[in-house]
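Residue-level structure breakdown
If you want the building blocks of each chain, they are given just below.
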Amino acid sequence: MPHETVTELSQLIDRVKSYNVEADLDLVRRAYDFSAKAHEGQMRRSGEPYFQHPLAVAGLLTHLKTDVTAIVAGLLHDTLEDTLATPLELEQRFGKDVVHLVDGVTKIGKITFRNYEEKQAENFRKMVLSMADDIRVVLIKLADRLHNMRTLEYLSEGKRQQIAQETLEIYAPLANRLGIGWIKNELEDLCLKHLKPDVYESLRVRVAKRDEDRQQYILEVIDLVKNAMAEAGLQGEVSGRPKHLYGIYQKMEKQSISFEEVYDLAALRIITDIKMNCYALLGVIHSLWRPLPGRFKDYIAIPKSNMYQSLHTTVVGPKGEHVEFQIRTEEMHRVSEQGIAAHWKYKEHGRIDEKDGKVFSWLRQFVEWNQDLPDNRQFMDSVKLDLFHDVVYVFTPQGMVKELPKGSTPVDFAYSVHTEIGDHCVGAKVNGKIVPLKHMMESGDMVEILTAANQTPHRDWLKFVRTSRAKTKIKHWIKAEEQSRSIEIGKRLLEAEFRRHGLAPAQMMRSDQLLAVAKQVGYETPEELAAAVGFGHVPTSQVMSKINPPVATEGQTVVPEVPPPKPATGRTDDTGVQVKGARDLLMQLSRCCNPVPGDRILGYITRGRGLTIHTVDCPNLEALDYDKNRLVEVEWDHSAPSTHSVKVSVIAVDKTGVLAHVSTAISECQANISRAEITTREDRKAMLDFIIEVLDTAHLARVLKAIEKVDGIITVRRVRSWQERS
């Protein structure tokens, strides 16, 4: 893990030559001179010359073995923002590629933002979307952030906390997803140092003390492993793994355990030559000591999305202590250190070679899924969701592996395959068994999605889906559906209003008058105006107030004023409700008060969902800070009687036969029981909750009276909300 800092040009040149003998070193020298001159006289908070920062960033990029273009951009990354240098000047001196990278890293300084969070969201959005063109943008940004974190102590406490929290939430997970383990670990440790300095210092001292005490034990284990490898004729280097303080802290917090418990673990790494020997070495380790069940992970057969490959196993070592091993090849170790940069081919302006394209599937999907989110904060929430999670690996029926966040459901899986499959998902088979859509998948599951043409996304799915892709697609469908519904509702409300004023609805909906009204209130078309009416943004009375009565001119026919027609009625969705002055409106009975015929009711225009029918004394309706223009007069349609579900709650003495007697009483009143739930309390009382079908409040009253007469009944009442209990 590189901690040393490049302080001179000669050191930087030597680093570049060590892995790239064909590098254009003259370009590096010119960039060094240009940056040093541009930043001349500028100082950091630490008191050192500002130029030491871009020089350190370039040095960190050499540890990732990036190309000369990236290193030059690292030297110049602050020149556009903090000096008088211009993009044209940089392009003339260093080329378009360098300017592209510097611009991708440069913060947005010319836009006024309302607060720090909004500004940082836009900065990060710009950087993430730049990754679609060139991954080197984010490599430079990570190097920039790491050096800033290393020198964070010179800032005020508030600023330190702010930057450290942002780094922990965004940049450390990003380094992890790109597979750059050493940057991720160091960023997390530095964040812990500034966010919880007492915890950090305590862990640092205790780890150092424990390492000193356990050094002899670790050396003994290494000797035993080396001897066993020699006997088996296997090659490899065995060494201790560096300790990650933040990782120890996380385990202590998540598992609520002490330092001694989490740190009763020696961590060793074996690096060998070929993949086959990784498995052979695993056999050697397991022949020496008993492996712990559930602690073996094969990331070679199924690599992580960040290209990480290794075998992980934990065994009960000498003296009964747990020892954890990571076994990998030299190439796998290189990838674990350099991550995405280890596979990068710098031939076509930072673009991906076709043969290595598959290792960047996560990055491509990440950019594709998030680039269309219009709101910066929504973008940041989505980014955090995608970056900051544990993962599960599940299989399609064809054997393809899908990596998803831990806690993902079949709906997340369906949307990861294709939007159409997600939209029409009705169920799933996991390992051949039908499971609910909210079922949480586990690594190794084989998932088959069941679809139906008439299925559409449901708002309830948002309560359990885990991936940002699924959330975004579901919200998009719901928004489009609400827009369509709102247009339909708005048109019908406008038509009803036109009829009430004696105007021809069909002609008015196509008239220039309505178009003019739409433009007056800020909408481009009558359809957009109708959507606004449906959403409740514009009351129909406001539309009518702006419509002038038509005046007859030569050669034109005017729709004559006629007396308002008798109120037309309409009903839908089996609500048994009619609306004055309208036909076929989308309606639904409120779940908060569950009205039935006989209750006094009101209709309320719910945005995108049509009319919701409440009782006039519904507490939820009274609590709403509602627009009175969205209230609609409604009444029960007695011409077509139908049954309605009502919840009834009964408390009775817990004795044999009480349920049967209550059920009989309900049946004798010609009411049907659609659901029953019975629980017993400690005080020997029975709670009986029924959902029954009644015609109206009079029918319900007869049912309640019949139940009251049953021997052993203490109380019986109607429950307005189905979530409410006695």
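Residues numbered from 1 in each chain as written. Predicted model: local features only at pLDDT ≥ 70, side-chain atom pairs only at ≥ 80, totals over all residues. Heavy atoms only, no water.

We now examine the nonpolar core. Of all hydrophobic cores here, the largest spans 71 residues; its most connected members are Val72, Leu76 and Phe94. Not counting chain neighbours up to four residues away, the residues in contact with Val72 comprise Leu27, Val28, Ala31, Phe94 and Val98. (Core = buried A, V, L, I, M, F, W, Y, C linked by side-chain atoms within 4.5 Å. Buried < 20%, exposed > 50% of the residue type's maximum accessible area, 1.4 Å probe, protein only. Contact = heavy atoms within 4.5 Å.)

Once that is clear, we can look at the packing of helix α1 (residues 9–19) against helix α2 (residues 25–38). Relative orientation of the contacting elements α1 and α2 amounts to 150°, with a least axis distance of 11 Å. What the angle tells us is that α1 and α2 run roughly antiparallel. With respect to the hand of their crossing, α1 and α2 are arranged in right-handed fashion. Across from Leu9, Leu12, Ile13, Val16 and Lys17 in α1, the residues of α2 making contact are Leu25, Val28, Arg29 and Tyr32. Counted by class, the contact of α1 with α2 contains seven nonpolar, no polar and two charged residues. (Axes fitted to C-alpha atoms, helices over the stretch in contact; angles between N-to-C directions. Helix = DSSP H or I, 4+ residues; strand = E, 2+ residues; numbered from the N terminus. Parallel < 35°, antiparallel > 145°, perpendicular 65-115°, else oblique. Left-handed = near helix turned anticlockwise from the far one by under 90°. Nonpolar A, V, L, I, M, F, W, Y, C, P; charged D, E, K, R; others polar.)

The subject of this paragraph is the packing of helix α27 (residues 658–668) against helix α28 (residues 697–708). To characterise two packed helices, one gives the angle between the axes of the helices and the distance between these axes. α28 packs onto α27 with a crossing angle of 150° between their chain directions and a minimal axis gap of 9 Å. Classified by the angle between their axes, α27 and α28 sit roughly antiparallel to one another. Considering only the axes of α27 and α28, their crossing is right-handed. Here Val662, Ala665 and Ile666 of α27 lie close against α28, whose contacting residues are Val703, Ala706 and Ile707. Counted by class, the contact of α27 with α28 contains six nonpolar, no polar and no charged residues.

We now examine unusual backbone geometry. Positive phi values are uncommon outside glycine, yet Lys65 reaches one of about 55°. Position of Lys65 among the secondary structure elements: in the loop between α3 (52–63) and α4 (68–76).

With that settled, consider the sheet that holds strand β9 (residues 425–430). Pairing in this open sheet of three strands is antiparallel, and the strands run β10-β9-β11 from one edge to the other. Here the strands that pair on one side only, and so sit at the sheet edges, are β10 (433–435) and β11 (447–451). Strand-to-strand, the axes of this sheet are offset by a mean angle of 35°, without reference to chain direction. Summarising the sheet, β9 and β10 pair through three bridges and their orientation is antiparallel. Residue Lys429 lies in a different strand from β10, and its bridge partner there is Ile434. Its contacts with the sheet put helix α19 (residues 410–417) on β9, β10 and β11, and the angle it makes with β11 is roughly 85°. (Pairing = 2+ DSSP bridges.)

Strand order in the open sheet formed by four strands is β19-β20-β18-β21, and the pairing between neighbours is antiparallel. Edge positions in the open sheet fall to β19 (672–680) and β21 (713–719), since each of these has one partner strand only. Going across the sheet, the axis of each strand differs from the next one's by a mean of 20°, ignoring polarity. Bridge count between strand β18 (residues 644–653) and strand β20 (residues 685–694): ten bridges; the pairing is antiparallel. By the bridge assignment, Val646 is partnered in β20 with Ile692. With respect to the sheet, α27 is in contact with β18, β19, β20 and β21, its orientation differing from that of β20 by roughly 20°. Sitting on the sheet, α28 touches β18, β20 and β21, and the angle it makes with β21 is about 165°.

Before going further, it helps to spend a moment on the pattern of salt bridges. Per the counting criterion, the structure on display carries 17 salt bridges. Across the pair Lys519 and Glu524 runs a salt bridge whose closest N-O atoms are separated by 3.4 Å. Classification of Lys519 by relative accessible area gives partly exposed; the value is 48%. The exposed category is assigned to Glu524, whose relative accessible area is 52%. Between Asp599 and Arg718 there is a salt bridge whose closest N-O contact spans 2.9 Å. With Asp599 in the loop between β13 (587–589) and β14 (601–606) and Arg718 in strand β21, this residue pair connects regions lying 119 residues apart in the sequence. Exposure remark for Arg718: the relative accessible area of 17% places this residue in the buried category. (Salt bridge = Lys/Arg side-chain N within 4 Å of Asp/Glu carboxyl O.)

In this fold, Asp67 is placed in the loop between α3 and α4. Given a relative accessible area of 12%, Asp67 falls into the buried group. A distance of 3.1 Å separates a polar atom in the side chain of Asp67 from the backbone nitrogen of Ala70. (Polar contact = N/O pair within 3.5 Å; in protein donor to acceptor, adjacent residues only side chain to side chain.)

Note that β19 and β20 share eight bridges and pair antiparallel. Bridge pairing links Thr680 to Ala686 in β20. Between the end of β19 and the start of β20, which pair antiparallel, lie four residues, with Arg684 showing a positive phi angle near 60°.

Let's shift gears to the confidence of the model for the chain. Mean pLDDT over the chain: 79, with 80% of residues reaching 70 or higher. Put simply, helix α17 (residues 361–370) is where the chain has its lowest mean pLDDT, 55, and helix α15 (residues 275–288) is where it has its highest, 93. The low-confidence segment residues 346–350, where pLDDT is below 50, has 16 contacts with residues more than four positions distant or belonging to other chains. The model gives residues 550–573 a pLDDT under 50, and that stretch makes 44 contacts with residues more than four places away or in other chains. (pLDDT = per-residue confidence, 0-100.)

Another aspect to go through is the environment of Thr167. Mapping Thr167 onto the fold places it in helix α10 (residues 157–177). Note: C-alpha distance between Thr167 and Leu146 (21 residues apart in sequence) is 9.1 Å. Setting aside chain neighbours within four positions, we find Thr167 in contact with Arg145, Met149, Ala172, Pro173, Leu187 and Cys191. A polar side-chain atom of Thr167 sits 2.8 Å from a polar atom in the side chain of Arg145.

To continue, consider the pairing of β14. Taken across its six residues, β14 has five buried, putting it largely inside the fold. Of the strand pairs in this sheet, β14 and strand β16 (residues 631–632) are connected by two bridges, and their pairing is antiparallel. The residue of β16 that forms the bridge with Tyr604 is Leu631.

Here we come to the environment of Ser258. Relative to the elements of secondary structure, Ser258 occurs in the loop between α13 (245–255) and α14 (259–262). Residue classification places Ser258 among the partly exposed residues on the basis of a relative accessible area of 29%. Put simply, Ser258 and Ile248 are ten residues apart on the chain and 10.0 Å apart in space, counted from C-alpha to C-alpha.

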